[in-house]
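Okay, here's what each chain looks like letter by letter:
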Amino acid sequence: MVLESMMRRLMNLLMLSCKQATALIEKKKLVPLSKPEQLQLTVHTKMCKACSTYSVQSDIMDKSLQQFWNQKKSEEKNSLSESSKQKIIDQIKKM
Amino acid sequence: MSKNLVWTLSCNLSKIYSENLHSNRINHLNCALGVSNNMNSDSQITISTWVNLYGDELYSWAFHKTKKVEMAEDMVQETFIKAFNALASFQEKSSPKTWLFRILNNLITDYYRKSAKQKTSSLDDAEELTNGMFDSMDNWQVNGFEDFWTKDENVFDDIDFNQVFDLCMSDLPDNWRLAVSAKYLLHKETVEICQELEITASNYWQMVHRAKLMLKKCLETKWFSKV
């Protein structure tokens, strides 16, 4: 137990915590990582099963997000109702 | 020229316009209303005509950019009010449509910026929730559902999953939801997204990170723990 906790502390010092590693997984998708960041992330995900799983989960979430917004797009209503137009016109008339 | 004559002329003009657009009904109505209310300002007539001519296109664009019916309607209304107040400064250099779209786009940008900076009351809770997914050393608190993710490859076709995903999206604080959606709403690269939202790149990916942690937690609790 003590050894394990010491190892974890050492790992955090040398590499990254899981929170930092997952942050880098997301960062990598949006902006280029620096060389040290790349190295730290590679080492961490090689050793940490939970984080390599997170990486897969993150891709699944991206796919879900893409689908979520595509679906919303297909639900798009393309015209303003006549009553909304009338409401705007009435508003303008009051000015 | 009497005001009434101006009105009648303008009505007839807009009828000719709108007959081409197959939507003359409302214009007739406006003209009737306009006359009976003695609507006597040229600006009001101009704007009313534009509402009928360009309202649909403006609304469609606003909805495409916000995905919220009410928000899109409000923005279109705001566009016309702004146009009405600034009509004197409108020069015929650009077409009315271009001008109206410029006003609307400014409103959309303002809306994005406001959402990106908004600190909602749930933000603290959300931060606490995502912090709670890690232990004191910032390593994972394993919950046992991690492996369920990859078991069902057809999960995206599942209507129930999509409903849960909808629910999890609505749980996110507004600015996190915007961060994670910006790519799909703006169809732009990171640099441009950050410019548009007036946030730094690190601010952007940090919000995306938090949002996805929260989505993960929500999906595991509401979906993967149940299938």
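Further up the page is the structure itself.
S.K.: So what's going on with the overall build of chain B? Residues and values would help.
M.R.: Scanning chain B from terminus to terminus reveals ten helices and zero strands. Moving toward the C terminus, one meets the helices and strands of chain B in the order α-α-α-α-α-α-α-α-α-α. Within the span of chain B, comprising 227 residues, buried residues form 49% of the whole. Pairs at least 24 apart in sequence give 70% of the contacts found in chain B among residues at least 6 apart.

S.K.: Kindly report on the interface of chain A and chain B, identifying the contributing residues and their values.
M.R.: Taken together, the contact between chain A and chain B spans 51 residues of the former and 61 residues of the latter. Looking at the side of chain A facing chain B, the largest losses of area belong to A:Lys19, A:Leu30 and A:Trp69, adding up to 13% of the total buried there. Across the contact surface, chain A and chain B share four salt bridges. Linking chain A with chain B are 21 residue pairs in polar contact (both at pLDDT 80 or more), by the criterion used here. Within the residue set of the side of chain A that touches chain B, elements represented by two or more residues are α1 (2–14), α2 (18–30), α4 (49–74) and α5 (82–94) of chain A.

S.K.: Give me the lowdown on a nonpolar patch on the surface, citing residues and values where you can.
M.R.: A grouping of A:Leu3, A:Met7, A:Leu10 and A:Leu14 is seen on the molecular surface, where their side chains present a nonpolar patch of about 450 Å² in accessible area. The exposure class assigned to A:Leu3 is exposed, which follows from its relative accessible area of 63%.

S.K.: Break down the pattern of salt bridges for me, with residues and values.
M.R.: Taken as a whole, this structure holds 17 salt bridges over all chains when the rule is applied. B:Arg113 is the salt-bridge partner of B:Glu198, the closest N and O atoms lying 3.4 Å from each other. One end of the pair, B:Glu198, is in the loop between α9 (190–197) and α10 (201–224); the other, B:Arg113, is in helix α5 (residues 96–117), and 85 residues separate them in sequence. In this structure, the salt-bridge partner of B:Glu196 is B:Lys188, at a minimum N-O distance of 3.0 Å. Assessed through its relative accessible area of 29%, B:Lys188 is described here as partly exposed. Taken together, the shared-partner salt bridges connect A:Glu26, A:Lys29, A:Asp59, A:Asp62 and B:Lys212 into one network.

S.K.: Let's hear about unusual backbone geometry: which residues, and what values?
M.R.: All names here are of chain B. At Asp138, a position not held by glycine, the phi torsion is positive, near 65 degrees. A residue is classified by how much of its surface remains accessible, and Asp138, at 29% relative accessible area, is partly exposed. One non-glycine residue, His187, adopts positive backbone phi at about 50 degrees. Relative to the elements of secondary structure, His187 occurs in the loop between α8 (174–186) and α9.

S.K.: Please provide a residue-by-residue account of the packing of α2(A) against α10(B), values included.
M.R.: One way to put it is that α2(A) packs onto α10(B) with a least axis distance of 9 Å and a crossing angle of 120 degrees. The orientation of α2(A) with respect to α10(B), classified from their angle, is oblique. Helix-helix and strand crossings are classified by hand; for α2(A) and α10(B) the assignment is right-handed. In this structure, α2(A) contributes A:Lys19, A:Thr22, A:Ala23, A:Glu26, A:Lys27, A:Lys29 and A:Leu30 to the contact, and α10(B) contributes B:Tyr204, B:Trp205, B:Val208, B:His209, B:Arg210 and B:Lys212. When its residues are assigned to classes, the contact of α2(A) with α10(B) shows five nonpolar, two polar and six charged.

S.K.: Lay out the state of the cysteines in plain terms, naming residues and giving numbers.
M.R.: Residue and element names in this part refer to chain B. Enumeration according to the criterion identifies one disulfide over all chains in this entry. Cys168 shares a disulfide with Cys218; S-S distance 2.1 Å. In this structure, the disulfide formed by Cys168 and Cys218 twists by about -80 degrees around the S-S bond and is classed as left-handed. With Cys168 in helix α7 (residues 159–171) and Cys218 in helix α10, the pair connects residues that are 50 residues apart, well separated along the chain.

S.K.: How would you summarise the packing of α4(A) against α10(B) if you had to cite specific residues and measurements?
M.R.: Relative orientation of the contacting elements α4(A) and α10(B) amounts to 90 degrees, with a least axis distance of 11 Å. The pairing of α4(A) with α10(B) is recorded here as roughly perpendicular in orientation. On the side of α4(A), the interface is formed by A:Tyr54, A:Gln57, A:Ser58, A:Met61 and A:Asp62, while α10(B) contributes B:His209, B:Lys212, B:Leu213, B:Leu215, B:Lys216, B:Leu219 and B:Glu220.

S.K.: Residues and numbers for the nonpolar core, please.
M.R.: Among the nonpolar cores identified, the biggest contains 87 residues, and B:Ile47, B:Trp50, B:Phe80, B:Met169, B:Tyr204 and B:Leu219 are the most heavily contacted of them. At twelve residues, α10(B) tops the list of elements feeding residues into this core. Mapped onto the domain boundaries, this core takes at least three residues apiece from domain 1 (3–117) and domain 2 (122–224) of chain B. Beyond its immediate chain neighbours, meaning those up to four positions away, B:Met169 contacts A:Leu65, A:Phe68, A:Trp69, B:Arg177, B:Val180, B:Ser181 and B:Leu215.

S.K.: Give me the packing of aromatic side chains: which residues, what numbers.
M.R.: Scanning the model with the defined rule gives 13 aromatic pairs over all chains in all. Residues B:Phe161 and B:Phe165 carry aromatic rings whose centres are separated by 6.3 Å and whose planes lie at 35 degrees to one another, so their mutual orientation is tilted. With B:Phe161 and B:Phe165 both in helix α7, this residue pair falls four residues apart, about one helical turn. For the pair B:Phe161 and B:Phe165, a shared accessibility class is recorded, and that class is buried. The rings of A:Phe68, A:Trp69, B:Trp149, B:Phe161, B:Phe165, B:Trp223 and B:Phe224 are connected pair by pair, giving a single aromatic cluster.

Rules and cut-offs
- Residues numbered from 1 in each chain as written.
- Chains lettered and ligands numbered in written order.
- Predicted model: local features only at pLDDT ≥ 70, side-chain atom pairs only at ≥ 80, totals over all residues.
- Heavy atoms only, no water.
- Helix = DSSP H or I, 4+ residues; strand = E, 2+ residues; numbered from the N terminus.
- Buried < 20%, exposed > 50% of the residue type's maximum accessible area, 1.4 Å probe, protein only.
- Contact = heavy atoms within 4.5 Å.
- Buried area = accessible area lost by both parts, 1.4 Å probe.
- Salt bridge = Lys/Arg side-chain N within 4 Å of Asp/Glu carboxyl O.
- Polar contact = N/O pair within 3.5 Å; in protein donor to acceptor, adjacent residues only side chain to side chain.
- Patch = residues over 30% accessible without salt bridge, like charges linked within 9 Å, V, L, I, M, F, W, Y side chains within 5 Å.
- Areas by Shrake-Rupley, 256 points an atom, 1.4 Å probe, with all protein chains shown as cover.
- Axes fitted to C-alpha atoms, helices over the stretch in contact; angles between N-to-C directions.
- Parallel < 35°, antiparallel > 145°, perpendicular 65-115°, else oblique.
- Left-handed = near helix turned anticlockwise from the far one by under 90°.
- Nonpolar A, V, L, I, M, F, W, Y, C, P; charged D, E, K, R; others polar.
- Disulfide = S-S within 2.5 Å.
- Core = buried A, V, L, I, M, F, W, Y, C linked by side-chain atoms within 4.5 Å.
- Domains from an automatic or database assignment.
- Phe/Tyr/Trp six-rings, centres within 6.5 Å; stacked < 30°, edge-to-face > 60°.

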